[in-house]
Amino acid sequence: ALRNGKREEFILEIGPRTRGGHVAWASNSDLPFVVAPEFVRLVDTSLVDRSALVLDPASLTRLEIDAGKIHYTFERNGDALVRSDGAPLPHLSGAIEEALRTLEPVAALHVGAATANEGFATPTLRLRVTQKDASGRAQTFVVEFGRSTLYQGHDAYFVRSSSQNAVFVVERRNVDALLDLL
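Summarised in this report is the structure supplied together with it.

What counts and how
Residues numbered from 1 in each chain as written. Predicted model: local features only at pLDDT ≥ 70, side-chain atom pairs only at ≥ 80, totals over all residues. Heavy atoms only, no water. Helix = DSSP H or I, 4+ residues; strand = E, 2+ residues; numbered from the N terminus. Buried < 20%, exposed > 50% of the residue type's maximum accessible area, 1.4 Å probe, protein only. Contact = heavy atoms within 4.5 Å. Pairing = 2+ DSSP bridges. Axes fitted to C-alpha atoms, helices over the stretch in contact; angles between N-to-C directions. Arc of directions from axis to C-beta. Salt bridge = Lys/Arg side-chain N within 4 Å of Asp/Glu carboxyl O.

### Some words on the side chain of T73
Thought 1: Locating T73 in the fold gives a position in strand β7 (residues 70-77).
Thought 2: You can call T73 buried: its relative accessible area is 11%.
Thought 3: Setting aside anything within four residues of it in sequence, one finds T73 in contact with R62, L63, E64, V82, R83 and S84.

Written as structure tokens, this is what we have:
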């Protein structure tokens, strides 16, 4: 914080919920105050990089989708992902690309191996993704969606990627939108 034009460090403690947010105390003040719930979510969200889980459908060269007994494989053909078995379902590939754009993680929960209660032993959805990176090289990784959960009052799924040793959450409605297409 700046006080009288000088930088001053302080410790911020965030306490229980109250009307309008959370009670908070700063080490440079004697009075408690209220911070907005959005601020608490911001400072409570892990700084682990979530970009490894952001899918860019335009860079995909191959996509395998497994959801229970359902399996689809798509490959890039010009501007579109098309089913590799030749099934004439052009509307499906466009809708899947749109659904993939919404699968951004909301937050990183923890670094390290998944825990048993996160549901990755029998994932709800598994994507094997091959996409070109910025230099044009193909990279393949797996994104798995575990069980559903409640995160900060919102329905979500646990999610992880083989390219990063961390567990994240993604909004349930976005995953369900993709599952509904299958």
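Next, the rest of the story.
### A short note on the sheet that holds strand β6 (residues 60-67)
Thought 1: Taken in spatial order, the eight strands of this open sheet run β8-β7-β6-β10-β11-β12-β13-β9, and their pairing is antiparallel. Both edges of this open sheet fall to β8 (80-83) and β9 (105-111), since each of them pairs with a single strand only. Taken over all neighbouring pairs, the strand axes of this sheet differ in orientation by 25° on average, direction set aside.
Thought 2: Here six bridges tie strand β12 (residues 154-161) to strand β13 (residues 164-171), and the two strands are oriented antiparallel to one another. When the sheet's bridge partners are listed, S161 is paired in β13 with Q164.

### Looking at the sheet that holds strand β5 (residues 33-35)
Thought 1: On the basis of which strands lie adjacent, the open sheet formed by three strands has the order β3-β4-β5 and antiparallel pairing. In the strand order of this sheet, the two ends are held by β3 (12-18) and β5, each with one partner. Direction aside, neighbouring strands of the sheet carry axes that sit 40° apart on average.
Thought 2: As defined by bridge partners, β3 adjoins strand β4 (residues 21-26) across five bridges and the pair is classed as antiparallel.

### So, helix α3 (residues 172-181)
Thought 1: Among all positions of α3, only N174, V175 and L178 are buried. The buried residues of α3 occupy one face: seen down the axis, they fall within an arc of 100°. The outward face of α3, more than 90 degrees from its buried face, is lined by the exposed residues R173 and D180.

### What to know about the pattern of salt bridges
Thought 1: A full pass over the atoms with the stated rule returns eleven salt bridges.
Thought 2: In this structure, E64 engages R62 in a salt bridge whose closest nitrogen and oxygen atoms are separated by 3.3 Å.
Thought 3: R62 gets classed as partly exposed once you look at its relative accessible area, which sits at 28%.
Thought 4: Among the salt bridges present, the one from E171 reaches R173, with a minimum N-O distance of 2.9 Å.
Thought 5: Residue classification places E171 among the partly exposed positions, given a relative accessible area of 29%.
Thought 6: Given a relative accessible area of 58%, R173 falls into the exposed group.
Thought 7: Through salt bridges with shared partners, one network takes in R62, E64, E75 and R128.

Worth remembering: the numbers are spatial, not functional.
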